[in-house]
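Commentary on secondary and tertiary structure
What follows is each chain in one-letter form.
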Amino acid sequence: MDLLDVWPVFRLRLRTPRLELRPVRDADLPGLAQAALDGVHDAERTPFGFPWTDAPREELLPNLARFVWRERAGVVPEEWNLLFAVLEDGRPIGVQDLRATNFAALRTVSSGSWLTRSRQGLGLGTEMRAALLLFAFDHLGATVAESEAYEWNSPSLAVSTKLGYRENGVTRRSPKAGVVEDEVRLRLEASAFRRPAWELKVDGVDEARPFLLGE
């Protein structure tokens, strides 16, 4: 028996032409922490609903570990958030998550992500989101995917537009004291998904299915 027998969700692996996505393991945490410390966004504005990257190093590192462990422990069919480490040539460069509540009835997922600054602008953000959508639509049976981004975050909005999302309203958020942002909500139906030219390679779906679908 090994760790994959104890927690079969770890068997999931998504492979694109340039990336591998797999549920974050403890061994990935140092690399992800360094990717975050290397910078994710301009210091003036945060693209996140919670400004976790603003924390000093001595807080950011344990906070990242706590978040990963908490989300992993909460994965049950009724509600789950899968945190995928994004690996390029075996090195962690960011995180792509996939979330759902009452998935059996709603067949709806949502997603969020971050990518270390040096790997932005190369199309990797689109590639990792496309991987999650292919997985959700083709392997889990999702029919709708949702996302959101602040109105000023044109790179994130461009990824969504490229993949077929449409605007689904605007709401207001306050990511930190004294800051108010307009957040654009986005919605993608499976039939409108603009699929990439490449094929996604997936391992471990059958082992993970009971934890996500209750099957």
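Relevant structure appears above.
Residues numbered from 1 in each chain as written. Predicted model: local features only at pLDDT ≥ 70, side-chain atom pairs only at ≥ 80, totals over all residues. Heavy atoms only, no water.

Describing the packing of aromatic side chains
This model, assessed by the stated rule, comprises five aromatic pairs. Summarising the aromatic geometry, the rings of Tyr 150 and Trp 152 are spaced 6.3 Å apart at their centres and angled 25° between planes, so their arrangement reads as stacked. Given the relative accessible area of 27%, Trp 152 is considered partly exposed. (Phe/Tyr/Trp six-rings, centres within 6.5 Å; stacked < 30°, edge-to-face > 60°. Buried < 20%, exposed > 50% of the residue type's maximum accessible area, 1.4 Å probe, protein only.)

A look at helix H7 (residues 205-213)
In an α-helix, one turn spans 3.6 residues; hence positions three or four apart end up facing the same way. Among the residues of H7, those classed as buried are Val 205, Ala 208, Leu 212 and Leu 213. In an axial view of H7, the angular spread of the buried residues amounts to 110°, which keeps them on one side of the axis. For H7, the secondary structure elements touched by its buried residues are strand S3 (79-88), helix H4 (103-106), helix H5 (124-139) and strand S9 (201-203). (Helix = DSSP H or I, 4+ residues; strand = E, 2+ residues; numbered from the N terminus. Arc of directions from axis to C-beta. Contact = heavy atoms within 4.5 Å.)

Considerations on the side chain of Arg 22
Within the secondary structure, Arg 22 is located in strand S2 (residues 20-23). When neighbours within four sequence positions are excluded, Arg 22 is seen to be in contact with Leu 12, Asp 28, Leu 83, Phe 84, Ala 85 and Leu 87.

Section: the sheet that holds strand S4 (residues 91-101)
Pairing between the strands of a sheet is mediated by backbone hydrogen bonds and can be parallel or antiparallel. Spatially, the nine strands line up as an open sheet ordered S7-S8-S6-S5-S4-S3-S2-S1-S9, and their pairing is mixed. The open sheet has two edge strands, strand S7 (166-173) and S9, and neither has a second partner. Between one strand axis and the next, the sheet turns by 25° as a mean value, whatever way the strands run. Pairing of S7 with strand S8 (residues 181-189) involves six bridges; the strand directions are antiparallel. Note that in S8 the partner of Arg 173 across the bridge is Glu 181. (Pairing = 2+ DSSP bridges. Axes fitted to C-alpha atoms, helices over the stretch in contact; angles between N-to-C directions.)

Here's the deal with the pattern of salt bridges
All chains considered together, the criterion is met by 15 salt bridges. Linking Arg 173 and Glu 183 is a salt bridge whose minimum nitrogen-to-oxygen distance equals 3.3 Å. Taken together, the positions of Arg 173 in strand S7 and Glu 183 in strand S8 put the pair 10 residues apart, joining distant regions of the chain. For Arg 209, the salt bridge is made with Asp 206, and the minimal N-O distance between the two is 3.9 Å. Here the residue Arg 209 and the residue Asp 206 both occupy positions in helix H7, the gap between them amounting to three residues, near one helical turn. Look at Arg 209 and you get partly exposed, because its relative accessible area is 22%. (Salt bridge = Lys/Arg side-chain N within 4 Å of Asp/Glu carboxyl O.)

Things to note about the nonpolar core
Ranked by internal contacts, the top residues of the largest apolar core, which has 45 residues, are Leu 21, Trp 80, Leu 82, Phe 84, Leu 98, Val 109 and Phe 135. When contributions to this core are tallied by element, the ones reaching two or more residues are S3, S4, strand S5 (108-115), H5, strand S6 (144-150), helix H6 (154-163), S8 and H7. Ranked by residues supplied to this core, first place goes to H5 with 10 residues. Residues within four places of Phe 84 in sequence aside, it is in contact with Leu 12, Leu 14, Leu 21, Arg 22, Pro 23, Val 24, Gly 94, Val 95, Gln 96, Leu 98, Leu 132 and Phe 135. (Core = buried A, V, L, I, M, F, W, Y, C linked by side-chain atoms within 4.5 Å.)

Quick look at the packing of H5 against H6
Relative to each other, H5 and H6 sit at 50°, their axes nearing to 10 Å. Looking at the two axes, H5 sits oblique to H6. You can see that H5 and H6 cross each other, and the crossing is right-handed. The residues of H6 that touch H5, namely those facing Gly 125, Thr 126, Arg 129, Ala 130 and Leu 133, are Ser 156, Val 159, Ser 160, Lys 162 and Leu 163. The residue makeup of the contact of H5 with H6, split by class, is four nonpolar, four polar and two charged. (Parallel < 35°, antiparallel > 145°, perpendicular 65-115°, else oblique. Left-handed = near helix turned anticlockwise from the far one by under 90°. Nonpolar A, V, L, I, M, F, W, Y, C, P; charged D, E, K, R; others polar.)

Topic: a nonpolar patch on the surface
A surface patch of nonpolar side chains, about 400 Å² in accessible area, is lined by Met 1, Leu 3 and Val 6. Here Val 6 is to be found in helix H1 (residues 3-6). (Patch = residues over 30% accessible without salt bridge, like charges linked within 9 Å, V, L, I, M, F, W, Y side chains within 5 Å. Areas by Shrake-Rupley, 256 points an atom, 1.4 Å probe, with all protein chains shown as cover.)

A few points about the environment of Ala 142
Its place among the elements puts Ala 142 in the loop between H5 and S6. For Ala 142, a relative accessible area of 4% gives the class buried. For the pair Ala 142 and Glu 189, spaced 47 residues apart in sequence, the C-alpha to C-alpha distance is 9.0 Å. Residues contacting Ala 142, with those up to four places away along its chain left out, are Phe 103, Arg 107, Val 109, Ala 136, Phe 137 and Ala 190.

These values are about where atoms sit, not about what they do.
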